[in-house]
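# Secondary and tertiary structure notes
Listed here are the chains, written in short residue letters.
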Amino acid sequence: ATAFQLVATIAVATATYSDTTESAYLGSVLPSSDWLAPPVGLHGAVMLPGGIIAAFLGKDVYRCVPYMPHAWSIEDRVTMADNVVAMGVYGNSLLVTTEGMPYVVIGDSLERLEKGAACVSKRSLVDMGYTCIYACPSGLMQVGQSAVDLVTENLFTQEKWLEYCDPTTIHAYQYDGKYVAFHSTGGFIFDPSNLDF
């Protein structure tokens, strides 16, 4: 494969340069030869540890080169089975919610969560610190380092949840460790530490 390597640093005003450097003495390989601008239409950008921005388009999740938000590589793309709805970060993990099952991306590994549910409102996904909470058709789903749980399971049946609110209209925020949500007919506060609704 062809690689561009540093030969020399010369002044801008230099009209010509005679290259006599042997290949064994060439400098570093140009790291940006496969960098691209972010794909048009990316959205849902989140910041990961290590200076990485992740964003999505359709079923694909893209990540920038660490500490280089202008530099994206097509090789650093991960494709889900369903369209991505929203993403959140907890610890070093990237939670990717879709119209189907959720996924967790850690480094280069992708894991489809067997327990979980579709995210029905992109604005419902909230980074709570060490977990993320989002609205699904059956209630509030919490995904974290140690568990994936329907945290409102003992509070609502799916029917009661859908009677209580239209989860597709939820937009939520984290305040003082609580999940503060608004929806088309009202709002609620959920405390994940004691499951108080």
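Residues numbered from 1 in each chain as written. Predicted model: local features only at pLDDT ≥ 70, side-chain atom pairs only at ≥ 80, totals over all residues. Heavy atoms only, no water.

### A closer look at the overall build of the protein
- The helix and strand inventory of the protein stands at one helix and 15 strands.
- By the compact-globule yardstick of 16 Å for 197 residues, the protein is too spread out, its C-alpha radius of gyration being 23 Å.
- Put simply, the protein has 197 residues, and 38% of those count as buried.
- A sequence separation of at least 24 residues applies to 36% of the contacts in the protein between residues at least 6 apart.
- Accessible surface for the protein amounts to roughly 11300 Å². Of this, 55% is attributable to carbon and sulfur atoms.
- Computing the positive centroid from 9 side-chain charges and the negative centroid from 20, the protein places the two 7 Å apart. (Helix = DSSP H or I, 4+ residues; strand = E, 2+ residues; numbered from the N terminus. Rg over C-alpha atoms; globule rule 2.2 N^0.38 Å. Buried < 20%, exposed > 50% of the residue type's maximum accessible area, 1.4 Å probe, protein only. Contact = heavy atoms within 4.5 Å. Areas by Shrake-Rupley, 256 points an atom, 1.4 Å probe, with all protein chains shown as cover. Lys, Arg positive; Asp, Glu negative; His and termini not counted. Charge placed at Lys NZ, Arg CZ, Asp CG, Glu CD.)

### Brief notes about the pattern of salt bridges
- Scanning all chains against the criterion turns up six salt bridges.
- Put simply, Lys160 and Glu163 hold a salt bridge, and the shortest N to O gap is 3.7 Å. Of this pair, Lys160 and Glu163 both sit in helix H1 (residues 158–164), three residues apart, which is roughly one turn of that helix.
- The class for Lys160 is partly exposed, based on a relative accessible area of 47%.
- For Glu163, a relative accessible area of 60% translates into the label exposed.
- One continuous salt-bridge network, built from bridges that share partners, spans Arg63, Asp76 and Asp108. (Salt bridge = Lys/Arg side-chain N within 4 Å of Asp/Glu carboxyl O.)

### Section: the side chain of Thr97
- Within the element layout of this structure, Thr97 appears in strand E6 (residues 93–98).
- Owing to a relative accessible area of 0%, Thr97 belongs among the buried residues under this scheme.
- Not counting residues up to four positions away in its chain, the partners in contact with Thr97 are Val84, Val85, Ala86, Pro102, Cys119, Leu125 and Tyr134.

### Observations regarding the side chain of Gln142
- When you line up the elements, Gln142 lands in strand E11 (residues 139–144).
- Looking at Gln142, its side chain comes within polar contact range of the side chain of Thr131, at 3.3 Å.
- Apart from the residues within four sequence positions on either side, Gln142 is in contact with Thr131, Cys132, Ile133, Ala147, Val148, Asp149, Val151 and Pro192. (Polar contact = N/O pair within 3.5 Å; in protein donor to acceptor, adjacent residues only side chain to side chain.)

### Thoughts on the pairing of strand E5 (residues 84–90)
- The element E5 is extensively covered by neighbouring structure, given that seven of its seven residues are classed as buried.
- Here six bridges tie E5 to E6, and the two strands are oriented antiparallel to one another. If you follow Ala86 over to E6, its bridge partner there is Thr97.
- Counted between consecutive antiparallel strands, the loop separating E5 from E6 contains two residues, among which Gly91 sits at a positive phi close to 60°. (Pairing = 2+ DSSP bridges.)

### Some points on the sheet that holds strand E8 (residues 109–112)
- Spatial strand order, E5-E6-E7-E8: four strands in an open sheet with antiparallel pairing. Each having just a single partner strand, E5 and E8 make up the two edges of the open sheet. Averaged over all pairs of adjacent strands, the angle between their axes in this sheet comes to 20°, without regard to strand direction. (Axes fitted to C-alpha atoms, helices over the stretch in contact; angles between N-to-C directions.)

### Considering unusual backbone geometry
- In the Ramachandran plot, Asp176 falls in the positive-phi region, its phi being about 55° despite a non-glycine side chain.
- Turning to its location among the elements, Asp176 is positioned in the loop between strand E13 (171–175) and strand E14 (178–183).
- By relative accessible area, which is 60% here, Asp176 ends up exposed.
- If you check the backbone angles, Leu195 has positive phi at about 60° while not being a glycine.
- Tracing the backbone through its elements, the reader meets Leu195 in the segment after strand E15 (186–190).
- By relative accessible area, which is 40% here, Leu195 ends up partly exposed.

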